[in-house]
Amino acid sequence: MMRALHDEHAGAVYAFVRRYEPDPQRAEDVVQEAFLRVWRGIDRLDTKRRSLRAYLFTVARNVLTDLWRAQQRRPTLVADQDALARVPAEDEVERALDDWLVAEALTRLSYEHRRVVEEMYFHGRTVADAAAVLGIPEGTVKSRAYYAVRALRSAFEELGVTR
C-alpha cells in the first residue's frame, strides 16, 4: 500500500513542497519525512473518510512548519566577512569593560591620588620621576600611591569586581 501511495502522490507532494522550499534536497527531505510520518500512522489512516492526497499535503505542510520553527531557533550563519570583522571580539569587549571599570574607579579617587596613579602606573614613571613631574617630595608620592591603591581596591569592590 505504501509503495502505491508513494508512486501515485510523491510527485504532487514534491511540487507542493517546492513552492515553499527552494532547495531541492531539503524539499526531498521534507517529502521523505512526510511519507515516513504517514507510514508510521498507516494503521490509523482512514481512506474512506478523507482524500489521501489532501492528507499528504497536510502532513507535508506540518513538516515544513516544523522545519521553519527549527530554523528560527538556530542562530543565523553570517557569510559576510566584512560584517564579521566589525563584530568586536570577546577580548575587545572584555578590555572595554576593564577600561570602563578602571576609569570609573579612578573618578572615585581624590585629585592628588589620581595624579600619582596616572604618573606611576599609566606613564610608567618611577617614584623619583613622578615626584619631579608633580613637584612634591618622593615620600609623599609613595604615601599617596599606597593610599590610592587601597582606595582603588575599595572602589573596585563597590563596583562588584572580584578578581
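In the block above lies the structure referred to throughout.
So, how was this worked out
Residues numbered from 1 in each chain as written. Predicted model: local features only at pLDDT ≥ 70, side-chain atom pairs only at ≥ 80, totals over all residues. Heavy atoms only, no water. Axes fitted to C-alpha atoms, helices over the stretch in contact; angles between N-to-C directions. Helix = DSSP H or I, 4+ residues; strand = E, 2+ residues; numbered from the N terminus. Parallel < 35°, antiparallel > 145°, perpendicular 65-115°, else oblique. Contact = heavy atoms within 4.5 Å. Nonpolar A, V, L, I, M, F, W, Y, C, P; charged D, E, K, R; others polar. Polar contact = N/O pair within 3.5 Å; in protein donor to acceptor, adjacent residues only side chain to side chain. Buried < 20%, exposed > 50% of the residue type's maximum accessible area, 1.4 Å probe, protein only. Phe/Tyr/Trp six-rings, centres within 6.5 Å; stacked < 30°, edge-to-face > 60°. Expected span 1.5 Å × (residues − 1). Arc of directions from axis to C-beta.

A. How the structure looks around the packing of helix H6 (residues 111–122) against helix H8 (residues 138–158). As a packed pair, H6 and H8 sit with axes 9 Å apart at the nearest point and diverge in direction by 100°. Of the possible angle classes, the one that applies to H6 and H8 is roughly perpendicular. Facing H6, whose interface residues are Glu112, His113, Val116, Val117, Met120 and Tyr121, H8 presents Val141, Arg144, Ala145, Tyr147, Ala148, Val149 and Leu152. The residue makeup of the contact of H6 with H8, split by class, is ten nonpolar, one polar and two charged.

B. Structural view of the side chain of Glu21. With respect to the helices, strands and loops of the structure, Glu21 is situated in the loop between helix H1 (2–18) and helix H2 (24–40). Of note is the side chain of Glu21, whose polar atom sits 3.3 Å from the backbone nitrogen of Asp23. Apart from the residues within four sequence positions on either side, Glu21 is in contact with Arg26, Ala27, Leu64 and Leu67.

C. Seen up close, the side chain of His9. Examined against the element boundaries, His9 turns out to sit in helix H1. Assessed through its relative accessible area of 6%, His9 is described here as buried. Setting aside anything within four residues of it in sequence, one finds His9 in contact with Phe35, Leu52, Arg53 and Leu56.

D. Main features of the packing of aromatic side chains. All told, the structure shown has four aromatic pairs when counted by the stated rule. Look at Phe16 and Tyr20: their rings are 5.4 Å apart centre to centre, the planes differ by 70°, and that puts the pair in the edge-to-face class. Among the residues examined, Tyr20 registers a relative accessible area of 38% and is labelled partly exposed. Chaining the aromatic ring pairs together yields one cluster made of Phe16, Tyr20, Phe57 and Trp68.

E. The arrangement of helix H3 (residues 52–73) in detail. The first and last C-alpha atoms of H3 sit 32 Å apart over 22 residues, in line with the 32 Å expected at 1.5 Å per residue. Among the residues of H3, those classed as buried are Leu52, Leu56, Val59, Ala60, Val63, Leu64 and Ala70. In a view along the axis of H3, the buried residues occupy a sector of 140°, so they form one face of it. H3 presents Arg69, Gln72 and Arg73 as exposed residues on the side facing more than 90 degrees away from its buried surface. Among the structural elements, H1 and H2 are those in contact with the buried residues of H3.

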